[in-house]
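Working through the structure, step by step
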Amino acid sequence: MGLFKKDISNKVGRVKKCPQCGASVPASKVVCPECGWEFDESNAGGALDRLHEEIKKSKGFFSGRSEKDVISAFPIPKTKADLLELTIFFKSKVKNITIVKQAGEDKELLLAYKQKYEECIMKAKQFYSNDSEFKSLIEEYNKDKKTKVIWIVILSIVTIATIALVTLYLTLFHN
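All of these numbers come straight from a predicted model, not from anything done at the bench.

Summed over the entire model, instances satisfying the criterion amount to 7 aromatic pairs. Taken together, a centroid distance of 5.9 Å and an interplanar angle of 50° make the contact between phenylalanine 90 and tyrosine 113 tilted. Here tyrosine 113 lies in helix α5 (residues 107-128) and phenylalanine 90 lies in helix α3 (residues 80-95), a separation of 23 residues in the sequence. For tyrosine 113, a relative accessible area of 4% gives the class buried.

Spelled out as structure tokens, the structure:
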């Protein structure tokens, strides 16, 4: 018809997938509107690579951040590959807690790793509970949690029984 007729299109434009939360983001955006992820060349690696890079930066002379702070503030991604990789990484850190404690490692750092492991498991339960790769990790976490509860109950019963026996002994034989 005319030179100035504008074609109406249903195309949204080019989009990219956010590596942090998996949202579709217009290619022109530099920040994900869902989670705040900043797109740049340094974000090219997986979540574990980004975590290691952040930890490495924290050990710099002028950083002012501790490894515990980096771990605590690190966002847990939704993407399957990143979540799986981080879950296994944090699980290995939690499993080695006794070895690390013997080496004199910071207790707060260990708690930060444990918290992130639990966050990974919660996100895996939310998004990938039926996925075969996550199912065994979730089941192992639940089993470990039940075992800890059982030990706490047993230790509580033993402690109460000991207090009762000592009280009974003192009542019967020291009056």
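Right, picking up where we left off after that structure.
Let us look at the pattern of salt bridges. Applying the stated criterion to the full structure yields 11 salt bridges. For the salt bridge of glutamate 54 with arginine 65, the shortest nitrogen-to-oxygen distance reads 3.4 Å. With a gap of 11 residues between them, glutamate 54 in helix α1 (residues 47-58) and arginine 65 in the loop between α1 and α2 (67-73) connect regions that are remote in the sequence. When its relative accessible area of 36% is taken as the criterion, arginine 65 is described as partly exposed. When salt bridges with common partners are traced through the structure, they connect Glu54, Lys57 and Arg65 into a single cluster.

Judged by nonpolar contacts, the single largest core of 26 residues is most densely connected at Leu51, Ile71, Leu83, Leu86, Phe90, Tyr113 and Phe134. The element that contributes the greatest number of residues to this core is α5, accounting for 8 residues. Not counting residues within four places of it along the chain, the set of residues in contact with isoleucine 71 comprises Leu51, Ile55, Phe90, Leu109, Ala112, Tyr113 and Lys116. Ranked by size, the runner-up nonpolar core spans 5 residues in total, among them Cys18, Cys21, Ala23 and Val25.

Taking 1.5 Å per residue, 12 residues should reach 16 Å; α1 reaches 16 Å between its end C-alpha atoms and fits that length. When α1 is considered as a whole, its buried residues turn out to be Ala47, Leu48, Arg50, Leu51, Ile55 and Ser58. Angularly, the buried residues of α1 cover 160° about the axis, an arc narrow enough to put them on a single face. Where α1 is buried, its residues touch α2, α3 and α5.

At a closest axis distance of 8 Å, the pairing of α1 and α3 adopts a crossing angle of 50°. On the basis of their axis angle, the class for α1 and α3 is oblique. Residues Ala47, Leu48, Arg50, Leu51 and His52 of α1 touch α3, and the partners they reach there are Asp82, Glu85, Leu86, Phe89 and Phe90. Taken together, the residues of the contact of α1 with α3 break down into 6 nonpolar, 1 polar and 3 charged.

We now examine a nonpolar patch on the surface. A cluster of nonpolar residues, Leu165, Val166, Leu168, Tyr169, Leu170, Leu172 and Phe173, forms a patch on the protein surface that exposes about 740 Å² of accessible area. Positionally, leucine 170 belongs in helix α6 (residues 132-173). A relative accessible area of 43% means that leucine 170 is categorised as partly exposed.

For the rest of this paragraph, the subject is α5. Over its 22 residues, α5 runs 31 Å from end to end, which matches the ideal 32 Å to within 8%, given 1.5 Å per residue. For α5, the full list of buried residues reads Leu109, Leu110, Ala112, Tyr113, Lys116, Tyr117, Cys120, Ile121, Lys123, Ala124 and Tyr128.

Here the focus is the side chain of lysine 123. Counting through the fold element by element, lysine 123 comes out in helix α5. We note that lysine 123 is buried and unpaired, the nearest opposite charge coming from glutamate 119 at a distance of 7.0 Å. Here lysine 123 is in contact with Ile76, Pro77, Lys78, Leu83 and Tyr128, once residues within four sequence places are set aside.

Quick look at the environment of glycine 36 now. Positionally, glycine 36 belongs in the loop between β2 (24-26) and α1. It is 8.8 Å that separates the C-alpha atoms of glycine 36 and glutamine 20, two residues lying 16 residues apart in sequence.

Reading the values: the criteria
- Residues numbered from 1 in each chain as written.
- Predicted model: local features only at pLDDT ≥ 70, side-chain atom pairs only at ≥ 80, totals over all residues.
- Heavy atoms only, no water.
- Phe/Tyr/Trp six-rings, centres within 6.5 Å; stacked < 30°, edge-to-face > 60°.
- Helix = DSSP H or I, 4+ residues; strand = E, 2+ residues; numbered from the N terminus.
- Buried < 20%, exposed > 50% of the residue type's maximum accessible area, 1.4 Å probe, protein only.
- Salt bridge = Lys/Arg side-chain N within 4 Å of Asp/Glu carboxyl O.
- Core = buried A, V, L, I, M, F, W, Y, C linked by side-chain atoms within 4.5 Å.
- Contact = heavy atoms within 4.5 Å.
- Expected span 1.5 Å × (residues − 1).
- Arc of directions from axis to C-beta.
- Axes fitted to C-alpha atoms, helices over the stretch in contact; angles between N-to-C directions.
- Parallel < 35°, antiparallel > 145°, perpendicular 65-115°, else oblique.
- Nonpolar A, V, L, I, M, F, W, Y, C, P; charged D, E, K, R; others polar.
- Patch = residues over 30% accessible without salt bridge, like charges linked within 9 Å, V, L, I, M, F, W, Y side chains within 5 Å.
- Areas by Shrake-Rupley, 256 points an atom, 1.4 Å probe, with all protein chains shown as cover.
- Lys, Arg positive; Asp, Glu negative; His and termini not counted.

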